[in-house]
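Secondary and tertiary structure notes
This is what each chain is made of:
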Amino acid sequence: MVGVPDRKSLIVGNWKMNATHLEAIQMIQKLSYRLEAKDYDRVEVVVAPPFTSLRSVQTVIEADRLWFGLGAQNLHWEESGAFTGEISPVMLAKLSVDHVIVGHSERRQGFGETDEMVAKKARAVANAGMRPIVCVGETLEQREGGEAEQVVVSQVVASLARLDPEALGSSAIAYEPIWAIGTGRTALPDDAGTMAGIIRETVSNKVSSYASEGVRILYGGSVNAANIKDFMAKSDVDGALVGGASLDPDSFAAIVRYWV
Ligand code: PGA
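Summary of the structure given here.

Concerning the overall build of the protein chain
Looking only at helices and strands, the protein chain features 13 helices and eight strands. Its C-alpha atoms give the protein chain a radius of gyration of 17 Å, within 12% of the compact-globule value 18 Å for 260 residues. Each principal axis of the C-alpha atoms in the protein chain carries an extent, and together these give about 45 × 45 × 40 Å. Looking at the 260 residues of the protein chain, the share that counts as buried comes to 52%. Taking the contacts inside the protein chain whose residues are at least 6 apart along the sequence as the reference set, 75% of them involve residues at least 24 apart.

See below:
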């Protein structure tokens, strides 16, 4: 269709609080040895190491001319100031970071991040010329209580409230059911596909159909080389946010190469 943005597959490795900067250098190099030019044609590959490894990984990416995008796992929405321990959008943008994960459930649950804070972060990311990956997802209790859809829709609406349609169209939304993260238990691909469809419809209804065509919807939660194909087969799933399996270059490369 004319004017509809192309949604290239996006696979993001969220390294969480793992890897010193020396280990990170090894990981990115090993990953690069396992991928070929045609993989990057098919899939946009992003790695999100901890803050302390960003500079080292950026240097390897630039020196070796690797095709990886660089992601950060969090940020503060202010540009600078008295915010001890925080990292600003401009600091990340200057390091050639192009994606920033915001509102990961580990931050919502463990560090008190609200939808309002996530919305401010998402906007700050876009304003600095980077692309947010906004995470949403229900707890097991909410799923078992039949509330999953309502919870996810309300998170989507509130977390994206400050993004303009254009920025939203080049963002990603990661659907990560909390009970599937790091547990080895995944959502059924059908359920993930259905929820991705609901998320896209919500963006279409609340923002614009253009934004809904462009936004990439990722599934996250115990994704591995054996199950990635089943998720990617769903028409509204455009990629994956991968935690544990992204720490092993062999596994992560196999996930990126799901299409082979
Ligand atoms: P997991 O983590 O792949 O280890 O379940 C996913 C995530 O938290 O982004």
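Looking at the nonpolar core
Ranked by internal contacts, the top residues of the largest apolar core, which has 65 residues, are Ile11, Phe68, Val100, Ile199 and Tyr219. Excluding its chain neighbours within four sequence positions, the residues that come into contact with Ile199 are Val136, Val152, Val156, Ile173, Tyr175 and Ile217. In this structure, Val12, Cys135, Ala172 and Ala174 belong to the second largest nonpolar core, which totals eleven residues.

Regarding helix H13 (residues 249-256)
The α-helix advances 3.6 residues per turn, and as a result positions three or four apart in sequence lie on the same side. Residues of H13 that are buried include every one of Pro249, Phe252, Ala253, Ile255 and Val256, and no others. Here the buried residues of H13 occupy an arc of 155° about the axis, which is enough to place them on one side. For H13, the elements touching its buried residues are strand E1 (9-14), helix H1 (21-33), helix H2 (37-42), strand E2 (43-48), helix H12 (228-232) and strand E8 (239-242).

Here we look at unusual backbone geometry
Phi is positive for Lys16, which is not a glycine, with a value near 50°. The residue Lys16 is located in the loop between E1 and H1 in this model.

With respect to the packing of H1 against helix H3 (residues 51-63)
Think of two packed helices as two axes; the pair is described by the angle between the axes and how far apart they sit. Contact geometry of H1 with H3 gives a least axis separation of 9 Å together with a crossing angle of 35°. For the element pair H1 and H3, the recorded crossing hand is right-handed. Residues His21, Ala24, Ile25, Ile28 and Gln29 of H1 form the contact with H3, whose own contacting residues are Thr52, Ser53, Ser56, Val57 and Val60. Across the contact of H1 with H3, the residue classes tally to five nonpolar, five polar and no charged.

Comments concerning the site of the ligand
The environment of the ligand is formed by 13 residues, the closest being Lys16, His104, Glu176, Gly182 and Ser222. Between the ligand and Glu176, the relevant distance is 2.7 Å, taken from an oxygen atom to a side-chain nitrogen or oxygen of the residue. Contacts to the ligand include Ser222, whose backbone N or O atom sits 2.7 Å from an oxygen atom. Protein coverage of the free-state accessible area of the ligand, which is 280 Å², stands at 95%.

Description of the packing of aromatic side chains
Scanning the model with the defined rule gives four aromatic pairs in all. Where Tyr219 meets Phe231, the ring centres are 4.2 Å apart and the plane angle is 10°; that geometry is what we call stacked. Placement of the pair is Tyr219 in strand E7 (residues 216-220) and Phe231 in helix H12, with a sequence separation of twelve residues. An aromatic cluster of at least three residues, connected via ring pairs, comprises Tyr40, Trp67 and Phe68.

Some thoughts on the sheet that holds strand E5 (residues 131-136)
The strand order E1-E2-E3-E4-E5-E6-E7-E8 describes a closed barrel built from eight strands, whose pairing is parallel. Across the sheet, the mean angle from the axis of one strand to that of its neighbour is 25°, orientation sign disregarded. In terms of strand pairing, strand E3 (residues 69-72) meets strand E4 (residues 99-102) through two bridges, oriented parallel. Across the sheet, the residue bridging to Gly71 is His99, located in E4.

Brief notes about the pairing of E2
Counting buried residues along E2, six of its six residues qualify, which places the element largely inside the surrounding structure. Burial along E2 is two-sided: the face carrying Val43, Val45 and Val47 and the face carrying Glu44, Val46 and Ala48 are both buried. Note that E1 and E2 share six bridges and pair parallel. Bridging from a neighbouring strand, Gly13 pairs with Val47 of E2.

Parameters at a glance
Residues numbered from 1 in each chain as written. Predicted model: local features only at pLDDT ≥ 70, side-chain atom pairs only at ≥ 80, totals over all residues. Heavy atoms only, no water. Helix = DSSP H or I, 4+ residues; strand = E, 2+ residues; numbered from the N terminus. Rg over C-alpha atoms; globule rule 2.2 N^0.38 Å. Buried < 20%, exposed > 50% of the residue type's maximum accessible area, 1.4 Å probe, protein only. Contact = heavy atoms within 4.5 Å. Core = buried A, V, L, I, M, F, W, Y, C linked by side-chain atoms within 4.5 Å. Arc of directions from axis to C-beta. Axes fitted to C-alpha atoms, helices over the stretch in contact; angles between N-to-C directions. Left-handed = near helix turned anticlockwise from the far one by under 90°. Nonpolar A, V, L, I, M, F, W, Y, C, P; charged D, E, K, R; others polar. Near = heavy atom within 4 Å. Polar contact = N/O pair within 3.5 Å; in protein donor to acceptor, adjacent residues only side chain to side chain. Areas by Shrake-Rupley, 256 points an atom, 1.4 Å probe, with all protein chains shown as cover. Phe/Tyr/Trp six-rings, centres within 6.5 Å; stacked < 30°, edge-to-face > 60°. Pairing = 2+ DSSP bridges.

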